[in-house]
Amino acid sequence: MEEYAREPCPWRIVDDCGGAFTMGAVGGSVFQSIKGFRNAPSGINKRFLGSLMAIKDRSPIIAGSFAIWGGMFSTIDCTLVQFRKKEDPWNSIISGAATGGILAARNGLPAMAGSALIGGILLALIEGVGIFITRFSAEQFKPPALMIDDPSQLGAPPEASSS
């Protein structure tokens, strides 16, 4: 089974930033289309027009916010990989906490602490689920244990040769 190979660190930041932008654009478009449709005046044409206007107005903002989060997360993650000289789940957890704290810095110290805590917990949950899935799927590829009721069916032990 082939592992997913990530880009090396300088390019990983650009890759993750672009992926986060795309995810924000798609998700924001879906969310804003529903919101715009619901908030528009009655009439199907007005509702579809309201939906399109909401997508046009808000989706780029949401996508940009996602891109900033993804870029900052990857930058901190790559920095931790460089300093710690190893790539493990702690890098992601610390990166999530630091990103949450840094992005909430304009709102004061209590907001920074709360966002850092939420970011760290969220990434810890994501990493934990990833580890669980990896271990669960690894169980499927273990060779089956040989179950024999009568040890005499195994045959005689090999003779020890004396040389």
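All figures in this text were calculated on a predicted structure; none of them were measured in a lab. (Residues numbered from 1 in each chain as written. Predicted model: local features only at pLDDT ≥ 70, side-chain atom pairs only at ≥ 80, totals over all residues. Heavy atoms only, no water.)

S.K.: Quick rundown of helix α2 (residues 44-84)? Include the residues and the values.
M.R.: Over its 41 residues, α2 runs 57 Å from end to end, which matches the ideal 60 Å to within 8%, given 1.5 Å per residue. At Arg-58, α2 shows its maximal kink, close to 35 degrees; a proline, Pro-60, follows between one and four residues later. (Helix = DSSP H or I, 4+ residues; strand = E, 2+ residues; numbered from the N terminus. Expected span 1.5 Å × (residues − 1). Bend = angle between axes of the 7 residues up to and from the residue.)

S.K.: Give me a nonpolar patch on the surface: which residues, what numbers.
M.R.: Taken together, the side chains of Val-129, Phe-132, Ile-133 and Phe-136 define a hydrophobic patch exposed on the protein surface, amounting to about 440 Å² of accessible area. Along the polypeptide, Phe-132 turns up in helix α4 (residues 109-139). What makes Phe-132 exposed here is its relative accessible area of 57%. (Patch = residues over 30% accessible without salt bridge, like charges linked within 9 Å, V, L, I, M, F, W, Y side chains within 5 Å. Areas by Shrake-Rupley, 256 points an atom, 1.4 Å probe, with all protein chains shown as cover. Salt bridge = Lys/Arg side-chain N within 4 Å of Asp/Glu carboxyl O. Buried < 20%, exposed > 50% of the residue type's maximum accessible area, 1.4 Å probe, protein only.)

S.K.: Requested: an account of the UniProt feature "transmembrane region" (unreviewed entry) in the chain, with residues and values cited.
M.R.: The UniProt feature table records "transmembrane region" (unreviewed entry) at residues 61-83 and 111-133. Regarding residues 111-133, the helix share stands at 100% and the strand share at 0%, and the terminal C-alpha atoms are separated by 33 Å. (UniProt positions renumbered as here; feature names shortened; annotations may be inferred.)

S.K.: I'd like a rundown of the layout of surface pockets, residues and numbers included.
M.R.: In this model, the largest pocket occupies a volume close to 870 Å³. Arg-6, Phe-73, Ser-92, Ile-126 and Glu-127 are, among the 31 residues lining the largest pocket, the residues nearest its centre. Of all the secondary structure elements, the ones that give two or more residues to the lining of the largest pocket are α1 (9-39), α2, α3 (89-103) and α4. Sort the elements by how many residues they give to the lining of the largest pocket and α4 lands first, with nine residues. Broken down by class, the residue content of the lining of the largest pocket amounts to 14 nonpolar, seven polar and ten charged. (1 Å grid on protein atoms, 1.4 Å probe; cavity = no way out; pocket = protein on both sides within 12 Å on 5 of 7 lines; lining within 4 Å. Points joined across faces, edges and corners; volume = space filled by probe spheres on them. Nonpolar A, V, L, I, M, F, W, Y, C, P; charged D, E, K, R; others polar.)

S.K.: Before we move on, can you summarise the side chain of Ser-59 with the specific residues and values?
M.R.: Within the secondary structure layout, Ser-59 lies in helix α2. Aside from chain neighbours lying at most four places away, what touches Ser-59 is Ala-25, Gly-28, Ser-29, Gln-32 and Ala-54. (Contact = heavy atoms within 4.5 Å.)

S.K.: Provide a residue-level description of the packing of α2 against α3, including the pertinent values.
M.R.: Where α2 meets α3, the closest approach of the two axes is 8 Å, and the angle between their N-to-C directions is 135 degrees. Considering their axes alone, α2 and α3 lie oblique with respect to each other. Regarding α2 and α3, the two cross each other, and that crossing is right-handed. Here α2 contributes Ile-68, Trp-69, Met-72, Phe-73, Ile-76, Asp-77, Leu-80, Val-81 and Arg-84 to the contact with α3, which in turn contributes Trp-90, Asn-91, Ser-92, Ile-94, Ser-95, Gly-96, Ala-98, Thr-99, Ile-102 and Leu-103. Residues belonging to the contact of α2 with α3 are distributed by class as follows: twelve nonpolar, five polar and two charged. (Axes fitted to C-alpha atoms, helices over the stretch in contact; angles between N-to-C directions. Parallel < 35°, antiparallel > 145°, perpendicular 65-115°, else oblique. Left-handed = near helix turned anticlockwise from the far one by under 90°.)

S.K.: Quick one: what's the story with the pattern of salt bridges, residue by residue and with numbers?
M.R.: Counted under the stated rule, the structure contains three salt bridges. In this structure, Asp-77 and Arg-12 form a salt bridge, with 3.8 Å as the shortest nitrogen-oxygen distance. With Asp-77 in helix α2 and Arg-12 in helix α1, this residue pair connects regions lying 65 residues apart in the sequence. Both residues of the pair, Asp-77 and Arg-12, count as buried. Shared partners join several salt bridges into a network, and the residues in it are Arg-12, Asp-77 and Glu-87.

S.K.: Which residues make up the packing of α3 against α4, and what are the values?
M.R.: Where α3 contacts α4, the two axes come as close as 6 Å, and the packing angle between them is 155 degrees. The orientation of α3 relative to α4 falls into the category roughly antiparallel. For the element pair α3 and α4, the recorded crossing hand is right-handed. Along its contact with α3, which presents Pro-89, Ser-92, Ile-93, Gly-96, Ala-97, Gly-100 and Gly-101, the element α4 presents Met-112, Ser-115, Ala-116, Gly-119, Gly-120, Leu-123, Ala-124, Glu-127 and Ile-131. Across the contact of α3 with α4, the residue classes break down as eight nonpolar, seven polar and one charged.

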